[in-house]
Amino acid sequence: MSTSFPSFVNLLAAAEALTDTWSPRVVAQVNDQFVKVARLHGQLTWHAHESEDEMFLILKGNLRIEYRDMAAIELVTGDMHVVSRGVQHNPVAKDVCLIALVEPVTTLHTGDVIIDRTRTLEQQLTGPVRKK
Ligand code: NI
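Bear in mind the structure is a predicted one, so any value in this text is a computation, not a measurement.

Cut-offs and rules
Residues numbered from 1 in each chain as written. Predicted model: local features only at pLDDT ≥ 70, side-chain atom pairs only at ≥ 80, totals over all residues. Heavy atoms only, no water. Helix = DSSP H or I, 4+ residues; strand = E, 2+ residues; numbered from the N terminus. Buried < 20%, exposed > 50% of the residue type's maximum accessible area, 1.4 Å probe, protein only. Contact = heavy atoms within 4.5 Å. Areas by Shrake-Rupley, 256 points an atom, 1.4 Å probe, with all protein chains shown as cover. Pairing = 2+ DSSP bridges. Core = buried A, V, L, I, M, F, W, Y, C linked by side-chain atoms within 4.5 Å. pLDDT = per-residue confidence, 0-100. Donors = N, O, S within 2.8 Å, 3.2 Å for Na, K, Ca; no water. Salt bridge = Lys/Arg side-chain N within 4 Å of Asp/Glu carboxyl O.

Participant: Can you walk me through the overall build of the chain in this structure?
Facilitator: The secondary structure content of the chain amounts to two helices and seven strands. Listed by position from the N terminus, the elements making up the chain come as α-β-β-β-β-β-β-β-α. In the chain, which comprises 132 residues, the share counted as buried stands at 42%. Considering only contacts in the chain between residues 6 or more positions apart, those separated by 24 or more positions represent 67%. For the chain, the accessible area works out to roughly 7000 Å², and carbon and sulfur atoms hold 52% of it.

Written out as structure tokens, the structure is:
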């Protein structure tokens, strides 16, 4: 991929620079994975990523990951959680929560569901943290 990223980025500062919620921004590529930051508030939507695991790292705040078939997981600052491929999940942030995500470049952030909040990859690559 030809897009270039800074070799150094402060994840928390990059996330704090975001104003849109549920609109991930790519800050780096590591092999076939993107590292993204996002600002979350409220809930996204129930979805699954058929063939990709999705890593959440909480930079600031609290995030609840709801599951259909098992207990929800409550994450706090510093926590990391991997949502397994194919598993229905629904992220809920009661208050503003800043996160980093690591996921394959092919991952759609709303998985198998297309909603108003679904952002294209191009939109995720265009933002304040992208190196011009
Ligand atoms: Ni997801």
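There is more to say, and it comes next.
Participant: What am I meant to see in the pairing of strand S1 (residues 25-30) here?
Facilitator: For a regular strand, the rule is simple: side chains alternate between the two faces of the sheet. Relative to strand S2 (residues 33-43), S1 runs antiparallel, the two being bridged by five bridges. Pairing of Val 30 across the sheet is with Gln 33, part of S2. Here S1 folds back onto S2 in antiparallel fashion, the turn holding two residues, of which Asn 31 has a positive phi close to 55°.

Participant: Just to check I follow, could you spell out the nonpolar core for this structure?
Facilitator: One recurring pattern in soluble globular proteins: nonpolar side chains tend to sit buried together. Core analysis: the largest hydrophobic core is formed by 15 residues, its most contacted members being Leu 40, Phe 56, Ile 58, Leu 63, Ile 65, Cys 97 and Ile 99. For this core, the secondary structure elements donating two or more residues are S2, strand S3 (54-60), strand S4 (62-67) and strand S7 (89-104). Of all the elements, S7 adds the most residues to this core, at four residues. If sequence neighbours within four positions are ignored, Cys 97 has contacts with Ala 38, Arg 39, Leu 40, Ile 58, Lys 60, Gly 61, Asn 62 and Leu 63. Membership of the second largest hydrophobic core comes to ten residues, among which are Ala 14, Val 35, Leu 59 and Leu 98.

Participant: Teacher, can you tell me more about the confidence of the model for the chain here?
Facilitator: When pLDDT drops low, the exact placement of atoms in the prediction is not to be read closely. Here the chain shows a mean pLDDT of 87. Residues at 70 or above account for 89%. Helix H2 (residues 121-125) is the least confidently modelled element of the chain, averaging 75 in pLDDT, while strand S5 (residues 73-76) averages 98, the highest of any element.

Participant: I keep staring at the coordination of the nickel ion and nothing clicks. Help me out?
Facilitator: For a metal with four tetrahedral donors the ideal donor-metal-donor angle is 109.5 degrees, whereas six octahedral donors ideally subtend 90 or 180 degrees. Taken together, His 47 (NE2), His 49 (NE2), Glu 54 (OE) and His 89 (NE2) make up the protein donors of the nickel ion, found 2.1 to 2.2 Å from the metal. Summarised as a motif, the one-chain spacing of the donors to the nickel ion is H-x1-H-x4-E-x34-H. There is no split in this pair, since His 49 and Glu 54 are both buried.

Participant: Looking at this structure, how should I read the pattern of salt bridges?
Facilitator: In a structure, side chains of opposite charge can pair up when their charged atoms sit close to one another. A full pass over the atoms with the stated rule returns five salt bridges. As a salt-bridge pair, Lys 60 and Glu 16 come within 2.9 Å of each other at their nearest N and O atoms. Linking Lys 60 in strand S3 with Glu 16 in helix H1 (residues 11-16), this pair joins segments that are 44 residues apart in sequence. Residue Glu 66 pairs with Arg 64 through a salt bridge whose shortest N-O separation is 3.2 Å. If you follow the salt bridges from partner to partner, you end up with Arg 64, Glu 66 and Glu 74 in one network.

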